[in-house]
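A look at the structure
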Amino acid sequence: MSFIYTLRYMLDPRANTPAKDQKLIDFVKKGQIDDVAFFINGEEMNHSHLTRSETERWLDAIKPLQKELAEIGVTTSLNPWTTIMHSDRGYHVNPEIGFNTFVDLDGNKAKDMACPADPKWRQYLAETYAQYASIHPRRLWLEDDFRHYNHSPLKLMCFCDYHMQLYNQKLPHEETRSEFVAKLLQPGEPTLERKVYLDQARIEMIETEHLVEQAVHQVSPETDLAQMTSYPDWHALEGRDWNKLFSAQAGAGHPKIARPHLPAYNEVAPLQYGRAFEEYTRITAAFLGENAELYPELESYMYSPLVKSLSFTKFQIISTALIGSQGILLNLFDMMGNGINNSWQYAEMLAEIKPFVNQLVENRLPIDHLSGIKILVDQDSSYHIQTTTGKDIQELLPHEKNWASLLGSFSFATTIFPLTTNSRLTGETLAISGQLLRNLSNTQISDLIANNHVLFDGESIQVLLDRGLGSLLHIKKAEWHPHRSNYQVFEQADGHTVEGVDNPRITMLQQTGSYLKLEYQPNSNVSIWSYAYNSLDEKLGNVMAIVDDHILILPIDQDPAHGWEAQFTTYKQGLLQQMINSICPADYLVEMPNVKLLVQEDRTAAWLSNFTLDGYQQINWHLAAPLPSDTVTIIRKHGNKLERKQVQIHIEHDIATIDEPLSSLETIQLCF
């Protein structure tokens, strides 16, 4: 099975030359490219929505190369750069096209960005995609501007007159835009206006995808439609129903195909990339499921090795194995028509790693069948979140990704679990953050807590308190204290030792959320593991605790600017490893920070990926359950070759030691 390299390529119809075409063909051969996705009207070349004749010029320029590529066994896809339009860039919609533009929540009207419910825009988009389909591409992509947010310089859409009519049809009385927006964001229980907005945003995108799918497959039944995605928490704010949207896009007999976002357009510290990879890429993949075809996007902007090294680029491509990707979209060169730059040595790099990524896709990671701590997420959370001030649309964003990035960086085996109304969880270890519990009834919450091991953060505990369920955690009293309030300054794990440090301390002053000070009922089964102190070393109250031998408490919320940054310390890693292991068996790596561990449900395979610049001389794995064998086959890239090596596993005190190194930025697979 081949790992599909799709090269995204900008051919400028006005400035293209035979020499550029030949360099493309040579690069495709040398880099073992399987598919070329030609941009249409992209980025710097974009000049608003195209008429039919303008679109035909792009297709006419692509068709000769499509024929040449086919002769060497390479397919052609199309990547039109606009659906709604990414941002206003000085253009206005051509009167010949003539659809309406959107209005944001503050009443600002876009100049060039479409209203997503406008019938004329929908017709235009479907007809334009049918025109693209006329050259019968392998895949026809919808760009990630197909969303209700992040259309600079405007905010969330759409609140135009047409949308206000649609909203008011579902309300008991007519409201102005400002009245509707105020109630959409209103603190307290979610309003009817919230539901009306999210329902409309959800259905209009599904309907549009269906119209496009029908138009495309009428012209080219063999073409697969594919969708690019953005941040899953922001998609929740537009009510995205992942399954229904992608089913509408695919059509009968076609796979669901998506490009999950890879959050490193420039080279960042790999450990920082590792946190974002958990928060965005893995959560998106989980919403789509293992039956979807995933082709993440490797974006390098502003391009060249001055922006991203070959080593980091290789690492990004290989580590997409952690979501079971079947290939990758390669945005390696600029979108201004410069064409291929051979001095950057991308073709050699791609050819070097192709045997290894082919092997990884042969043993594809099953994202729906992983063991480990289940991080709960819910696509419907924005329907139920309660705002605090009602002034900022970001108050509707779910905070459900924090455990994912923290536990992943701490080398725990985890899996992302999209919660649905049909979910029945028993005997699992669950991690819950944000207001996810508002999506459940009190009975469902009680059952979830009673039948599982559960990790809670401060926001999720507040939901229990709001619901009158504090007794489930034996809570007598709760009080919030903001960070940097001159109250709590550090957390101290009294009576515990981590990495040879007795009573280790972790900051609570800044770069972290507010502190929920909890007092528990007398004589309840609560074990306190750490306490809050002020700058004078005065003990203020409880911090981390284990309740009833199966509930772990981390009583902080999310800092708006810094999330849980202060939690990323090896003292908290060691403390959590001890705490979680005391309530349930857990798979995690020992003394290997920022190495990700993913374990197949039947324990016949595992994946390790080192998201740091440090190498490790051996692999030390704390086992939640026995391994199927005392030997393991390690599959890795060794130089320019694929290596399969069988080695012995040594187990002592539940620690499996594999006497093999793991290099910086290396991803390996273990097969038992």
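Residues numbered from 1 in each chain as written. Predicted model: local features only at pLDDT ≥ 70, side-chain atom pairs only at ≥ 80, totals over all residues. Heavy atoms only, no water.

Notes on the overall build of the chain
For clarity, the threshold we go by: We count a stretch as a helix when DSSP gives it H or I for four or more residues in a row; a strand needs E for two or more, and each element gets its number in order from the N terminus. To get the radius of gyration, use the C-alpha atoms; to get the globule rule, take the number of residues to the power 0.38 and multiply by 2.2 Å. Partly exposed describes any residue whose relative accessible area lies between the buried limit of under 20% and the exposed limit of over 50%, with all areas from a 1.4 Å probe on protein chains only and scaled to the type maximum. Only heavy atoms matter for contacts: two residues are in contact if any of them lie within 4.5 Å across the pair. Working definition of accessibility: Shrake-Rupley area with a 1.4 Å probe, residue cover restricted to the visible protein chains. We treat Lys and Arg as the positive residues and Asp and Glu as the negative residues; His and chain ends play no part in the count. Note on charges: their place is set at NZ of Lys, CZ of Arg, CG of Asp or CD of Glu.
Counting its regular elements, the chain contains 15 helices and 35 strands. Relative to its length of 672 residues, the chain is compact, with a C-alpha radius of gyration of 26 Å against a globular reference of 26 Å. Taken along its principal axes, the extent of the C-alpha atoms in the chain is 80 × 70 × 45 Å. A total of 672 residues make up the chain; the buried ones form 62% of that total. When contacts within the chain are restricted to residue pairs at least 6 apart in sequence, long-range pairs at least 24 apart make up 76% of them. Taken as a whole, the chain presents about 25100 Å² of accessible surface, with 48% of it coming from carbon and sulfur. Across the chain, the centroid of the 55 positively charged side chains sits 3 Å from that of the 85 negatively charged ones.

What about the pairing of strand β1 (residues 4-9)?
To keep things clear, this is the line we draw: Pairing between strands is defined by DSSP: at least two bridges between the two strands are required. The definition of a right-handed crossover adopted here requires that, viewed with the strands pointing away, the path from the first strand over the helix to the second runs clockwise.
Of all six residues in β1, six are buried; the element is thus mostly enclosed. Residues Ile4, Thr6 and Arg8 of β1 are buried on one face, and the alternating residues Tyr5, Leu7 and Tyr9, pointing to the opposite face, are buried as well. The pairing of β1 with strand β11 (residues 327-331) spans four bridges and is classified as parallel. Across the sheet, Tyr5 pairs through a bridge with Ile328, a residue of β11. Sheet topology note: the β1/strand β2 (residues 35-40) ladder contains four bridges and is parallel. Within β2, the position partnered with Arg8 by the bridge is Ala37. Taken together, β1, helix α1 (residues 18-30) and β2 constitute a β-α-β crossover, and its handedness is right-handed.

Considering the environment of Arg57
Along the chain, Arg57 falls in helix α2 (residues 52-71). As for Arg57 and Arg14, which are separated by 43 residues in sequence, their C-alpha atoms are 9.4 Å apart.

Quick notes on the state of the cysteines
Worth spelling out the cut-off: When the sulfur atoms of two cysteines come within 2.5 Å, that pair is taken as a disulfide.
For the structure on display, the rule yields zero disulfides. Unpaired in this structure, Cys160 has its nearest cysteine sulfur neighbour in Cys158, at a distance of 3.6 Å.

A look at the sheet that holds strand β30 (residues 605-610)
The nine strands lie next to each other as β12-β29-β30-β35-β32-β33-β34-β31-β28, forming an open sheet whose pairing is antiparallel. Looking at the sheet topology across the chains shown, the edges are occupied by β12 (370-371) and β28 (588-589). Pairing between strand β31 (residues 619-622) and strand β34 (residues 655-658): four bridges, direction antiparallel. Pairing of His622 across the sheet is with Ile655, part of β34.

Quick word on the pairing of strand β15 (residues 429-432)
The two faces of β15 match: Thr429 and Ala431 on one face and Leu430 and Ile432 on the other face are all buried. Examined bridge by bridge, strand β13 (residues 373-377) and β15 share two bridges and lie parallel to one another. From the neighbouring strand, Ile375 faces β15, where its bridge partner is Ala431. Two elements, β15 and strand β16 (residues 453-457), share four bridges in a ladder whose sense is parallel. Opposite Leu430, over in β16, you have Val454 as the bridge partner. In this region the chain leaves β15, passes through helix α13 (residues 442-450) and returns to the parallel neighbour β16; the handedness of that crossover is right-handed.

Quick notes on unusual backbone geometry
Look at the link from Met157 to Cys158: it is a cis peptide, with omega at 0°. Tracing the sequence through the fold places Cys158 in the loop between β6 (139-142) and α4 (161-168). Cis rather than trans, the peptide bond between Tyr301 and Met302 has omega equal to 20°. Summarising the element assignment, Met302 is placed in the loop between β10 (297-299) and α10 (310-319). Residues other than glycine seldom take positive phi values, yet Ser48 does so here, at roughly 75°.

Considering the packing of helix α9 (residues 270-288) against α10
Heads up, the condition is: Geometry is summarised by axes, namely lines fitted to C-alpha atoms with helices restricted to the contacting stretch, and by angles between N-to-C directions that run from 0 to 180 degrees. Oblique is the label for any angle not covered by the other classes, which are roughly parallel (under 35 degrees), roughly antiparallel (over 145) and roughly perpendicular (65 to 115). In this scheme, a crossing is called left-handed if the near helix is turned counterclockwise away from the far one by less than a right angle; it is called right-handed if the turn is clockwise. Three categories are distinguished: nonpolar for Ala, Val, Leu, Ile, Met, Phe, Trp, Tyr, Cys and Pro, charged for Asp, Glu, Lys and Arg, and polar for the others, with Gly belonging to the last.
Two elements in contact, α9 and α10, have axes separated by 13 Å at closest approach and are oriented at 25°. With respect to their mutual orientation, α9 and α10 come out roughly parallel. Crossing handedness for the pair α9 and α10: right-handed. Here α9 contributes Pro270, Tyr273 and Phe277 to the contact with α10, which in turn contributes Phe312, Phe315, Gln316 and Ser319. When grouped by side-chain class, the residues that make up the contact of α9 with α10 number five nonpolar, two polar and no charged.

Notes on the environment of Pro628
With respect to the element layout, Pro628 can be found in the loop between β31 and β32 (631-638). On the accessibility criterion, Pro628 (48% relative accessible area) is partly exposed. In the structure, Pro628 is positioned 26 residues away from Asp602 in sequence and 8.8 Å away in space, judged by C-alpha atoms. With residues up to four places along the chain from it excluded, the contact list for Pro628 reads Asp602, Arg603, Thr604 and Phe672.

Focus: the packing of aromatic side chains
What characterises a pair of aromatic rings is the spacing of the ring centres plus the angle enclosed by the ring planes. Defined as follows: Pairing of aromatic rings covers Phe, Tyr and the six-membered ring of Trp, with a centre-to-centre limit of 6.5 Å; geometry is then stacked below 30 degrees between planes, edge-to-face above 60, and tilted otherwise. A positively charged side chain is recorded as over a ring if its NZ (Lys) or CZ (Arg) lies within 6 Å of the ring centre. The angle to the ring normal must also be within 35 degrees.
As enumerated under the stated definition, the model contains 30 aromatic pairs in all. Where Phe277 meets Phe611, the ring centres are 5.7 Å apart and the plane angle is 50°; that geometry is what we call tilted. With Phe277 in helix α9 and Phe611 in the loop between β30 and β31, this pair connects stretches of sequence that are 334 residues apart. An identical accessibility class is assigned to Phe277 and Phe611; each is buried. Seen from their ring centres, Phe410 and Phe568 are 6.3 Å apart, and the 65° between their planes marks the pair as edge-to-face. Here the residue Phe410 occupies a position in the loop between α12 (402-409) and β14 (414-418), and Phe568 occupies one in the loop between β27 (551-554) and α15 (570-583), the gap between them amounting to 158 residues. By the ring-pair criterion, three or more aromatic residues cluster together here, those being Tyr273, Phe277, Phe312, Phe315 and Phe611. Sitting over the face of the ring of Phe568, Arg275 holds its NZ or CZ atom 3.8 Å from the ring centroid. The ring centre of Tyr5 lies 4.4 Å from the NZ or CZ of Lys354, which sits over that ring.

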